[in-house]
Amino acid sequence: MSEPVVEIKVRDDGPYKVTGPVRLIDADGVVFDVAGDRPIALCRCGHSQTKPFCDATHKTAGFESCPRAARA
């Protein structure tokens, strides 16, 4: 039986969308309470009031970032 896949998607001008079974742990080693069966969005812009989670503030903060992976 294979391990479940965790996917982290970089969304253009937005958050990281994390799908799959993950544990999110703070710098003190305390685990955030997140539902294991639904995706989470992690802030990339630094303006969210609910860090590390995205609260969509990037839309009004003017955050722009559209990185692309190098293709082989």
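No experiment lies behind these values; they were computed from the predicted model shown.

Visitor: What's the story with the environment of Gly46 in this structure? I'm lost.
Guide: Inspection of the secondary structure assignment puts Gly46 in the loop between β3 (40-42) and α1 (58-61). On the basis of relative accessibility, which here comes to 41%, the residue Gly46 falls in the partly exposed class. Taking the C-alpha atoms as reference, Gly46 lies 20 Å from Asp28; in sequence the two are 18 residues apart.

Visitor: Can you walk me through the state of the cysteines in this structure?
Guide: What we call a disulfide is simply a covalent bond connecting the sulfur atoms of a pair of cysteines. Taken as a whole and judged by the stated rule, the model has zero disulfides. Unpaired in terms of disulfides, Cys54 finds its nearest cysteine sulfur in Cys43, a separation of 6.2 Å. On the basis of relative accessibility, which here comes to 24%, the residue Cys54 falls in the partly exposed class.

Visitor: So what exactly am I meant to see when it comes to the packing of aromatic side chains here?
Guide: We describe a pair of aromatic rings using the distance from one ring centre to the other and the angle between the two ring planes. Overall, the coordinates contain one aromatic pair when judged by the stated rule. Where Phe32 meets Phe53, the ring centres are 5.6 Å apart and the plane angle is 90 degrees; that geometry is what we call edge-to-face. Of this pair, Phe32 sits in the loop between β2 (16-19) and β3 while Phe53 sits in the loop between β3 and α1; the two residues are 21 residues apart in sequence, bridging distant segments of the chain. Under the relative-accessibility criterion, Phe32 is labelled partly exposed at 27%. In this structure, Arg44 packs its charged tip against the face of Tyr16, placed 5.5 Å from the ring centre.

Visitor: Can you help me understand the sheet that holds strand β1 (residues 7-10) in this one?
Guide: Pairing between sheet strands relies on hydrogen bonds along the backbone, with the strands arranged either parallel or antiparallel. Within the open sheet, the three strands sit side by side as β1-β2-β3. Their pairing is antiparallel. Sheet topology places β1 and β3 at the edges, where each strand pairs with a single neighbour. Strand-to-strand twist of the sheet, defined as the mean angle between neighbouring strand axes without regard to direction, takes the value 25 degrees. Strand direction decides the pairing type here: β1 and β2, joined by four bridges, are antiparallel. In the sheet register, Val10 faces β2, and the bridge partner there is Tyr16.

Visitor: Explain a nonpolar patch on the surface here, please?
Guide: On the surface, a cluster of nonpolar side chains totalling about 320 Å² of accessible area is made up of Val6, Ile8, Val10 and Tyr16. Mapped onto the secondary structure, Tyr16 falls in strand β2.

Visitor: Sorry, what's going on with unusual backbone geometry here?
Guide: Note on backbone geometry: most residues besides glycine have negative phi, and most peptide bonds are trans. Cis rather than trans, the peptide bond between Lys51 and Pro52 has omega equal to 10 degrees. The topology assignment puts Pro52 in the loop between β3 and α1. Phi at Asp13 takes a positive value of approximately 55 degrees, unusual for a residue other than glycine. Within the secondary structure, Asp13 is located in the loop between β1 and β2. For Asp13, a relative accessible area of 30% gives the class partly exposed. At Ala56, a residue that is not glycine, the phi angle is positive and equals roughly 75 degrees.

Criteria and cut-off values
Residues numbered from 1 in each chain as written. Predicted model: local features only at pLDDT ≥ 70, side-chain atom pairs only at ≥ 80, totals over all residues. Heavy atoms only, no water. Helix = DSSP H or I, 4+ residues; strand = E, 2+ residues; numbered from the N terminus. Buried < 20%, exposed > 50% of the residue type's maximum accessible area, 1.4 Å probe, protein only. Disulfide = S-S within 2.5 Å. Phe/Tyr/Trp six-rings, centres within 6.5 Å; stacked < 30°, edge-to-face > 60°. Lys NZ or Arg CZ within 6 Å of the ring centre and 35° of its normal. Pairing = 2+ DSSP bridges. Axes fitted to C-alpha atoms, helices over the stretch in contact; angles between N-to-C directions. Patch = residues over 30% accessible without salt bridge, like charges linked within 9 Å, V, L, I, M, F, W, Y side chains within 5 Å. Areas by Shrake-Rupley, 256 points an atom, 1.4 Å probe, with all protein chains shown as cover. Salt bridge = Lys/Arg side-chain N within 4 Å of Asp/Glu carboxyl O.

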